[in-house]
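Close look at the chain arrangement
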Amino acid sequence: MILRTLLLLLSFALPLIVFCQTRYEQTGWAAWFNNAKLSKKWGLYFDIQVRTHDDWNGIRNVLLRPGVNYYIKSNQTATGGYLYTPTFPAPDITNGKTLTEHRIWEQYTISHPVFTGSLSHRFRLEQRFIGRTDEDIFSQRFRYFFRDVQPLVRTEQGFRKGPFVALQNELFFNLQNKDRLNGSFFDQNRAYIAVGYRTSPKFDIEAGYLNQAVKGASSNTMNSVIQVAAYTRF
């Protein structure tokens, strides 16, 4: 299963290798993802992420994303929410301006068991209000994400505690106003592999490598990311 998933990730990444005029970056991302169940049908979602500039040169982005969960079934969730993210100029840029993006987003997530772990699929639609130095842009974007978590130690009562490996990939597509962004239906791809530890059914911690390939208007970016992430469930 792991080999098959790796081959699937490579199938997404290979078309990106042919991008010409590509700039290469090395950054760090830290993230916390939280789900809190309020009742059988309703709950709250929140994630916060911090991302650096190239070569870890200061903070580039902070993402704050609250939402409301509706639990359709035990393995299916619909979520809607809001995102606020400022983009800060690099410390070595004089007279730089902080740019802000606001988003409204809706998503559907479904998961199912695979071997002793689980595979989840997420379908997200975003309405983006993008602030730029010379204009503001409204755009819509679709994202498809899958994540496979497999424990490294087999247990009889489901995966409740122990080390694991996580494999995931996410594809981004511009649905509206792509000519004012990068001129392309394809926006970016993020492939990720991590190792982590589950201390209880309520908490995971992991660290891994993420490859972000972004289609730009005039040049493309291949970003090598070291990511640390925590997941909490209440």
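Refer to the structure printed above.
Below: a short report on this structure. (Residues numbered from 1 in each chain as written. Predicted model: local features only at pLDDT ≥ 70, side-chain atom pairs only at ≥ 80, totals over all residues. Heavy atoms only, no water.)

Some points on the overall build of the protein chain
Along the backbone of the protein chain there are one helix and 11 strands. Tracing the protein chain from N to C terminus, the helices and strands come up as α-β-β-β-β-β-β-β-β-β-β-β. Its C-alpha atoms give the protein chain a radius of gyration of 18 Å, within 12% of the compact-globule value 17 Å for 234 residues. In terms of overall dimensions, the protein chain has C-alpha extents of about 55 × 35 × 30 Å along its principal axes. Scored against the burial criterion, the 234 residues of the protein chain give a buried share of 44%. A fraction of 53% describes how many contacts in the protein chain between residues 6 or more apart in sequence connect residues 24 or more apart. On the protein chain, roughly 12,400 Å² of surface is accessible, and the fraction owed to carbon and sulfur atoms is 62%. One finds the centroid of the 28 positive side-chain charges in the protein chain at a distance of 9 Å from the centroid of its 18 negative side-chain charges. (Helix = DSSP H or I, 4+ residues; strand = E, 2+ residues; numbered from the N terminus. Rg over C-alpha atoms; globule rule 2.2 N^0.38 Å. Buried < 20%, exposed > 50% of the residue type's maximum accessible area, 1.4 Å probe, protein only. Contact = heavy atoms within 4.5 Å. Areas by Shrake-Rupley, 256 points an atom, 1.4 Å probe, with all protein chains shown as cover. Lys, Arg positive; Asp, Glu negative; His and termini not counted. Charge placed at Lys NZ, Arg CZ, Asp CG, Glu CD.)

Some points on the environment of Ala230
Structurally, Ala230 is set in strand S11 (residues 220-233). Here Ala230 falls in the buried class, since its relative accessible area comes to 13%. C-alpha of Ala230 to C-alpha of Arg122: the two residues are 108 residues apart in sequence and 18 Å apart in space. Ignoring any residue separated from it by four or fewer positions in sequence, one finds Ala230 in contact with Ala31, Trp32, Phe33, Phe203, Asp204 and Ile205.

Some remarks on the nonpolar core
Counting residues in hydrophobic clusters, the biggest one holds eight residues: Ala31, Phe33, Tyr45, Leu63, Leu83, Trp105, Ala229 and Tyr231. Listed by contribution, the elements that provide at least two residues to this core are strand S1 (22-37) and S11. Beyond its immediate chain neighbours, meaning those up to four positions away, Tyr231 contacts Phe33, Arg147, Gln168, Lys202, Phe203, Asp204 and Glu206. In terms of nonpolar packing, the next biggest core, distinct from the first, is built from five residues, Trp29, Tyr192, Leu210 and Val225 among them. (Core = buried A, V, L, I, M, F, W, Y, C linked by side-chain atoms within 4.5 Å.)

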